[in-house]
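Take a look at the letters that make up each chain.
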Amino acid sequence: MYDGSFTVERRNPTLISLSDHRMKAETSSGQSNPVKPSKTHNELHKELLLAHKRGLVLSSRSELQQVLERRKRVQTERQEGVQGRTPLENALLRRQQRQVEREKGQQNEQEEAQFMEFVRVRQNLRKIHSALQNKVTNA
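Residues numbered from 1 in each chain as written. Predicted model: local features only at pLDDT ≥ 70, side-chain atom pairs only at ≥ 80, totals over all residues. Heavy atoms only, no water.

J.: Talk me through the overall build of the protein; I want residue IDs and the actual numbers.
T.: Helix and strand counts for the protein stand at four helices and zero strands. Listed by position from the N terminus, the elements making up the protein come as α-α-α-α. When burial is assessed residue by residue, the protein has 1% of its 139 residues classed as buried. Surface accessibility of the protein: about 13800 Å² in total, with carbon and sulfur atoms responsible for 54%. (Helix = DSSP H or I, 4+ residues; strand = E, 2+ residues; numbered from the N terminus. Buried < 20%, exposed > 50% of the residue type's maximum accessible area, 1.4 Å probe, protein only. Areas by Shrake-Rupley, 256 points an atom, 1.4 Å probe, with all protein chains shown as cover.)

J.: I'd like a description of a positive patch on the surface, backed by residues and values.
T.: On the surface, R94, R95, R98 and R102 cluster together into a patch of positive charge. On the basis of relative accessibility, which here comes to 56%, the residue R95 falls in the exposed class. (Patch = residues over 30% accessible without salt bridge, like charges linked within 9 Å, V, L, I, M, F, W, Y side chains within 5 Å. Salt bridge = Lys/Arg side-chain N within 4 Å of Asp/Glu carboxyl O. Lys, Arg positive; Asp, Glu negative; His and termini not counted. Charge placed at Lys NZ, Arg CZ, Asp CG, Glu CD.)

J.: How would you sum up the confidence of the model for the protein? Please name residues and give values.
T.: Detail in the predicted coordinates should be disregarded across regions flagged by low pLDDT. In this model, the protein carries an average pLDDT of 77, and 69% of its residues clear a pLDDT of 70 or more. Looking at the elements of the protein, mean pLDDT is at its lowest for helix 1 (residues 13-29), recorded as 51, and at its highest for helix 4 (residues 87-138), recorded as 92. (pLDDT = per-residue confidence, 0-100.)

J.: Describe helix 2 (residues 39-54), and please don't skip the residues or the numbers.
T.: Along an α-helix, residues three or four apart share an orientation, since each turn contains 3.6 residues. Taking 1.5 Å per residue as the helical rise, helix 2 with its 16 residues ought to reach 22 Å, and the 23 Å between its terminal C-alpha atoms agrees with that figure. Among the 16 residues of helix 2, one are classified as buried, and the element is accordingly described as predominantly exposed. Of the residues trailing helix 2, G55 is marked for its positive phi of about 95°. (Expected span 1.5 Å × (residues − 1).)

J.: Quick one: what's the story with a nonpolar patch on the surface, residue by residue and with numbers?
T.: Together, V121, L125, I128 and L132 line one region of the surface with nonpolar side chains, adding up to about 380 Å² of accessible area. Residue position: V121 is located in helix 4.

Dropping the structure here:
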């Protein structure tokens, strides 16, 4: 039996650990497990088994916690996506952005050219209309 005194053995570490396990086994053998014979523990265990049989899974986290964790996971994935790009991916992304800007610029130029053509045609129609008006009033 363990007498309560502490002695340091400077032998093989495995021998020390074995003797420690023996001391723990001797001291704990007199005490019983306080959780196992508990009525509330047994009742909770039965309730969990019944819930499991019925298909009711008890969520360990609230819905709010789950949503917050999902948001955090999505945000970290986005950050990793930005930080985890290779130099080639960065170059391709810059090239794509420049190409999109060029396309927007060309589209704006085309729209402006169409507008200017519309203005010219309108001015020509005004001149023709005013010339016809002058002929009608002079005749």
